[in-house]
Structures are given as C-alpha cells and as structure tokens.
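The lines below spell out each chain.
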Amino acid sequence: MIEKVSRHIHQRNSYVVNKLGYDPLYYLISVANVLHCENSDQVVYDVIEEYGLDNVNRILCTNIPTEFGMGKVYTRLIVDTLYPDEDYIEGILRIYNDEICKTLDDYNNGAYYEPSYVIARAYKNGEF
C-alpha cells in the first residue's frame, strides 16, 4: 500500500510513511486483512484523501518495477533488520527514513534486484 500510494502521488515512500505516522500506519496494518479485499485503487484514493497526501506531479523514473515487487523488497529489509525491542511499524518508519531508500528507489541502478541479504548488509554498512 505504501508503494502504491507513493507511486500514485509521485512522492517518495518516506514522504508517505512520515505523513501517515505511527498510529495511522498501525491502523492500516491492523485492517490490512480487510483492505486487501477492497479495490486497491479505491484504498489508495481513500488514504490520499483521509491523510491529506500531496501530489507533486513528477515521475521518478519511466521504467519501474511493480509496486508488489518493491513492497517485497522493503518488507524483507524491514523484517531482516528488525530490532528485538522494535515493532513492525517502528521498523517501517526507520527503514523508509534511511538513506538506503534513495538507492533502492533509483530504479536506474538496479539495487532493488540484489538478494535480500545483500540489501540488508548494505543497510547495516550504510552504503551499497
């Protein structure tokens, strides 16, 4: 959902997670089992309207991977780097605010194609 919303409004993922914040992200994750049955475009429009997300009318890249593919990349990174005392929402906020997102979201360099352990190691080292 984060990836799909950010693509729709042409903003970076970090903008979406920061604009939503902890409580709305927690709520959206808690109702994900219901929302996945809804029309995904309608869910995107509802999230944009309800949380006042801004569209900047720009395209990050013309040839980009699917939102499901990138969602999997970020999910694996969050799970692979989750701290013992950290919940999943805190992990989302931490990862999407890290500098690694600039590299992963630059679809021209192909970093998102790397195996998950390489991406996790790059995150921990602070660079690719």
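This text follows the structure it describes.
Residues numbered from 1 in each chain as written. Predicted model: local features only at pLDDT ≥ 70, side-chain atom pairs only at ≥ 80, totals over all residues. Heavy atoms only, no water.

Novice: What is the right way to look at the packing of helix 6 (residues 67–81) against helix 9 (residues 116–125) in this model?
Specialist: Two quantities define a packed helix pair, namely the angle between the helix axes and the distance between the axes. It is the contact of helix 6 with helix 9, at a shortest axis distance of 9 Å, that shows an interaxial angle of 60 degrees. The angle between helix 6 and helix 9 falls in the class oblique. Seen from above, helix 6 lies across helix 9 with right-handed handedness. Listed contacts from helix 9 to Val73, Arg76, Leu77, Asp80 and Thr81 of helix 6 are Ser116, Ile119, Ala120, Tyr123 and Lys124. In the contact of helix 6 with helix 9, the residues fall into 5 nonpolar, 2 polar and 3 charged. (Axes fitted to C-alpha atoms, helices over the stretch in contact; angles between N-to-C directions. Helix = DSSP H or I, 4+ residues; strand = E, 2+ residues; numbered from the N terminus. Parallel < 35°, antiparallel > 145°, perpendicular 65-115°, else oblique. Left-handed = near helix turned anticlockwise from the far one by under 90°. Contact = heavy atoms within 4.5 Å. Nonpolar A, V, L, I, M, F, W, Y, C, P; charged D, E, K, R; others polar.)

Novice: Looking at this structure, I do not really get a negative patch on the surface. What am I missing?
Specialist: On the surface, Glu38, Asp46, Glu49 and Glu50 cluster together into a patch of negative charge. Judged by relative accessible area, Glu50 falls into the exposed class, the value being 58%. (Patch = residues over 30% accessible without salt bridge, like charges linked within 9 Å, V, L, I, M, F, W, Y side chains within 5 Å. Areas by Shrake-Rupley, 256 points an atom, 1.4 Å probe, with all protein chains shown as cover. Salt bridge = Lys/Arg side-chain N within 4 Å of Asp/Glu carboxyl O. Lys, Arg positive; Asp, Glu negative; His and termini not counted. Charge placed at Lys NZ, Arg CZ, Asp CG, Glu CD. Buried < 20%, exposed > 50% of the residue type's maximum accessible area, 1.4 Å probe, protein only.)

Novice: Looking at this structure, how should I read the packing of aromatic side chains?
Specialist: Given two aromatic rings, one states the distance between the centres and the angle between the planes to describe the pair. In this structure the tally under the stated criterion is 4 aromatic pairs. An angle of 35 degrees between the planes, with centres 4.4 Å apart, marks the rings of Tyr112 and Tyr113 as tilted. By relative accessible area, which is 64% here, Tyr113 ends up exposed. An aromatic cluster of at least three residues, connected via ring pairs, comprises Tyr107, Tyr112 and Tyr113. (Phe/Tyr/Trp six-rings, centres within 6.5 Å; stacked < 30°, edge-to-face > 60°.)

Novice: How should the side chain of Thr81 be read in this particular structure?
Specialist: Along the chain, Thr81 falls in helix 6. With residues up to four places along the chain from it excluded, the contact list for Thr81 reads Glu86, Arg94, Ile95, Ala120, Tyr123 and Lys124.

Novice: Explain the packing of helix 1 (residues 2–9) against helix 2 (residues 13–20) to me, please; I cannot follow it from the model alone.
Specialist: The geometry of helix 1 relative to helix 2 is characterised by a closest axis approach of 8 Å and an angle of 110 degrees between their N-to-C directions. Relative to helix 2, the element helix 1 is oriented roughly perpendicular. As for how helix 1 packs across helix 2, the hand of that crossing is right-handed. Residues Ile2, Glu3, Val5, Ser6 and Ile9 of helix 1 lie in contact with helix 2, whose contacting residues are Asn13, Tyr15, Val16 and Val17.

Novice: What am I meant to see in unusual backbone geometry here?
Specialist: Most of the time, phi is negative for any residue but glycine, and the peptide bond is trans. A positive phi angle is found at His10, which is not glycine, with a value near 60 degrees. Along the polypeptide, His10 turns up in the loop between helix 1 and helix 2.

Novice: What am I meant to see in the layout of surface pockets here?
Specialist: To find leftover empty space, a probe the size of one water molecule is rolled over the atoms. In this structure, the largest pocket encloses a volume near 710 Å³. Considering the residues around the largest pocket, the lining is formed by 24 residues, among which Met1, Ile2, Glu3, Ala32 and Phe68 are closest to the centre. When residues of the lining of the largest pocket are traced back to their parent elements, those giving at least two are helix 1, helix 3 (22–30), helix 4 (32–35), helix 5 (40–51), helix 6 and helix 7 (88–96). If one sorts the elements of the lining of the largest pocket by residue count, helix 6 sits on top with 7 residues. Its residues assigned to classes, the lining of the largest pocket comprises 15 nonpolar, 4 polar and 5 charged. (1 Å grid on protein atoms, 1.4 Å probe; cavity = no way out; pocket = protein on both sides within 12 Å on 5 of 7 lines; lining within 4 Å. Points joined across faces, edges and corners; volume = space filled by probe spheres on them.)

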